[in-house]
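Residue-level structure breakdown
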Amino acid sequence: MDRLSRLGTVLVTGAAGFIGSALVRRLKARGAPRVVSLDALTYAGDLSRLEEAGGEPGHRFAQLDVRDLDGVLALLREERPTVVFHLAAETHVDRSIDGPEAFVQANVVGTARLMEALRRYRDELPAGERERLRVVNVSTDEVYGSLGPEGVFTESTPYDPRSPYSASKAGADHMASAYFHTYGLPVLTTHATNNYGPYQFPEKLLPLALGKALRGEPVPLYGTGENVRDWLHVDDHADGLIAAALRGRPGETYLFGGGNERSNRSVLEALLGTLNELAPTGRDHRELITLVPDRPGHDFRYAVDTAKARRELGWRPVVPFEQGLRDTVAWYLEHRDWLDSVTRGRYRLERLGTVGVAPGPGGGEGTA
Ligand code: NAD
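Throughout what follows, the structure given in this document is the object of discussion. This one's a predicted model, so the numbers in the text were calculated from it and none came from an experiment.

Here we come to unusual backbone geometry. One non-glycine residue, Leu41, lies in the positive phi region at around 55°. Within the fold, Leu41 resides in the loop between strand E2 (34-39) and helix H2 (51-54). Residue Arg80 is not a glycine yet carries a positive backbone phi of 50°. Of the residues examined, Arg80 reaches a relative accessible area of 38% and is grouped as partly exposed.

Okay, structure coming up:
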């Protein structure tokens, strides 16, 4: 695996989020000399995720909204990053159903302004630095729509977003692509499947189910529970993003998936079965699983072909799902204070995105 000591300064937007903070930890662990973490600290942002990296001299946090073109441009001029990872976004599908406008603002307007700031920054750089610059636009498999029981998304699958979240991510991707084709901005786009791991905001499927189960509350499962997702450990995703920055070709698209297709029901059963083992209480937590009315427009299945990322980036996922799930449950058990502090004020595990459906006992499936 490449050491990153020769990488210049790296900028990560959305760095106080679930995946952004995992990427920052990964960059530091792999020897990146300087990482600048940018985040607006919305309800989903949490600085405690950056604590491990935060104390280091090679790390700086900047509270900024990506829509603040002047502020972002000033930061770029000051820090002169050679790699920019763009993860800042509104990310929860259920919230996008309740309020699409915030998603258009953060994801479409935010990405458009960031690309413009990057274009101006790039134009000021001397030739050598200009050629080194790479921008990684981090997207989701959800922009491709919904699959039936067979087949996979590839880089050439046409966009067909179904939720306000995925539509806003599609808009963001199109802006990034436009800046490549129109202005030659060296941006490439990655699409990952459902991520799991430590520090995920508890509105998403796995930490939500754990939080509910630990309180002895019903664990909601949308619809029939047969919807299928491919699960990718967040550290594998972070390594994929780093590989894309090092070896990806500007203007290209790369897909990252874990190769772990599971129905939501089987994921919850595996998760709560692991909880039974790691924190036995005498009860079977799987009995808490409760079907609730489905999410409107709920995509049935997502899966991606990762051959191009493997071939061109030399990337492959290395965390086996059962091990990753076990480590994730263990992490949440060790960090119940984090889970409790996040759910105390900003979000109390209530169900979101119930426009058109009867509210159930609460909670929802993640970005996906
Ligand atoms: P998250 O919600 O945990 O974090 C998003 C972060 O962005 C938060 O810290 C928030 O404060 C910040 N943010 C939001 N709006 C901002 C703005 N206008 N300016 C600056 N910061 C802002 O999300 P995540 O799960 O870590 O996802 C990160 C990225 O990866 C997103 O772009 C998402 O679409 C993409 N993605 C996520 C998954 C997944 O399974 N979670 C899968 C594929 C792709």
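Here we come to the sheet that holds strand E7 (residues 194-196). With respect to topology, 3 strands assemble into an open sheet ordered E7-E9-E11, the strand pairing being mixed. The strands lining the two open edges of the sheet, one partner per strand, are E7 and strand E11 (261-263). Across the sheet, the mean angle separating the axes of adjacent strands is 50° when strand polarity is ignored. By the bridge criterion, 3 bridges tie strand E9 (residues 228-233) to E11 in an arrangement that is antiparallel. Bridge assignment links Val228 to a residue of E11, and that residue is Ser263. In the packing of helix H9 (residues 234-247) onto the sheet, the strands contacted are E7 and E9, and the crossing angle to E9 comes to about 70°. Packed onto the sheet, helix H10 (residues 264-278) meets E9 and E11 and runs at close to 90° relative to E11.

Here the focus is the pattern of salt bridges. Tallied over the full model, the rule gives 25 salt bridges. Between Glu116 and Arg119 there is a salt bridge, with its nearest N and O atoms 3.0 Å apart. Placement of the pair is Glu116 and Arg119 together in helix H5 (residues 100-124), with a separation of 3 residues, close to one helical turn. One salt bridge connects Asp160 with Arg162, and the closest N-O pair in it is separated by 3.2 Å. Residue Asp160 is classed as partly exposed on the basis of its relative accessible area of 36%.

Right, let's get into the sheet that holds strand E5 (residues 134-140). Read across the sheet, 7 strands follow the order E3-E2-E1-E4-E5-E6-E10 without closing on themselves; strand pairing throughout is parallel. Where the open sheet ends on each side, the last strands, each with one partner, are strand E3 (59-63) and strand E10 (253-256). When the angles between neighbouring strand axes are averaged without regard to direction, this sheet yields 20°. Direction of pairing for strand E1 (residues 9-13) relative to E2: parallel, over a ladder of 5 bridges. Paired with Val12 across the two strands is Ser37, which belongs to E2. The sheet contacts of helix H3 (residues 69-79) involve E1, E2, E3 and strand E4 (83-86), and relative to E2 the element is tilted by about 175°.

Here we take up H3. The periodicity of an α-helix, 3.6 residues per turn, causes residues three or four places apart in sequence to face the same way. Of the residues making up H3, those classed as buried are Leu69, Gly71, Val72, Leu73, Leu75, Leu76 and Glu79. Count one or two residues on from H3 and you reach Arg80, which has phi positive near 50°.

What follows deals with the pairing of E1. Of all 5 residues in E1, 5 are buried, a share of seventy percent or more. Here E1 shows no split at all, with Thr9, Leu11 and Thr13 on one side and Val10 and Val12 on the other all buried. Once you follow E1 into helix H1 (residues 18-29) and on to E2, the crossover reads as right-handed. Pairing between E1 and E4: 4 bridges, direction parallel.

Remark: H10 packs on helix H12 (residues 321-334), axes separated minimally by 10 Å, with the N-to-C direction vectors making an angle of 55°. By the criterion of interaxial angle, the relationship of H10 to H12 is oblique. Remark: the crossing between H10 and H12 carries right-handed chirality. Only Phe321, Leu325, Arg326, Val329, Ala330 and Leu333 of H12 make contact with H10, whose side of the interface consists of Val267, Ala270, Leu271, Thr274, Leu275, Glu277 and Leu278. Per-class residue counts for the contact of H10 with H12 are 10 nonpolar, 1 polar and 2 charged.

Under the criterion given, the structure shown has 12 aromatic pairs. An aromatic cluster is built from Tyr199, Trp331, Tyr332 and Trp338, whose rings are joined through pairwise contacts. Between the NZ or CZ atom of Arg119 and the centre of the ring of Tyr183, over which it lies, the distance is 4.5 Å. Sitting above the plane of the Tyr254 ring, Lys308 keeps its charged end 4.8 Å from the centroid.

Reading the values: rules and limits
- Residues numbered from 1 in each chain as written.
- Predicted model: local features only at pLDDT ≥ 70, side-chain atom pairs only at ≥ 80, totals over all residues.
- Heavy atoms only, no water.
- Helix = DSSP H or I, 4+ residues; strand = E, 2+ residues; numbered from the N terminus.
- Buried < 20%, exposed > 50% of the residue type's maximum accessible area, 1.4 Å probe, protein only.
- Pairing = 2+ DSSP bridges.
- Axes fitted to C-alpha atoms, helices over the stretch in contact; angles between N-to-C directions.
- Contact = heavy atoms within 4.5 Å.
- Salt bridge = Lys/Arg side-chain N within 4 Å of Asp/Glu carboxyl O.
- Right-handed = clockwise from strand over helix to strand, strands pointing away.
- Parallel < 35°, antiparallel > 145°, perpendicular 65-115°, else oblique.
- Left-handed = near helix turned anticlockwise from the far one by under 90°.
- Nonpolar A, V, L, I, M, F, W, Y, C, P; charged D, E, K, R; others polar.
- Phe/Tyr/Trp six-rings, centres within 6.5 Å; stacked < 30°, edge-to-face > 60°.
- Lys NZ or Arg CZ within 6 Å of the ring centre and 35° of its normal.

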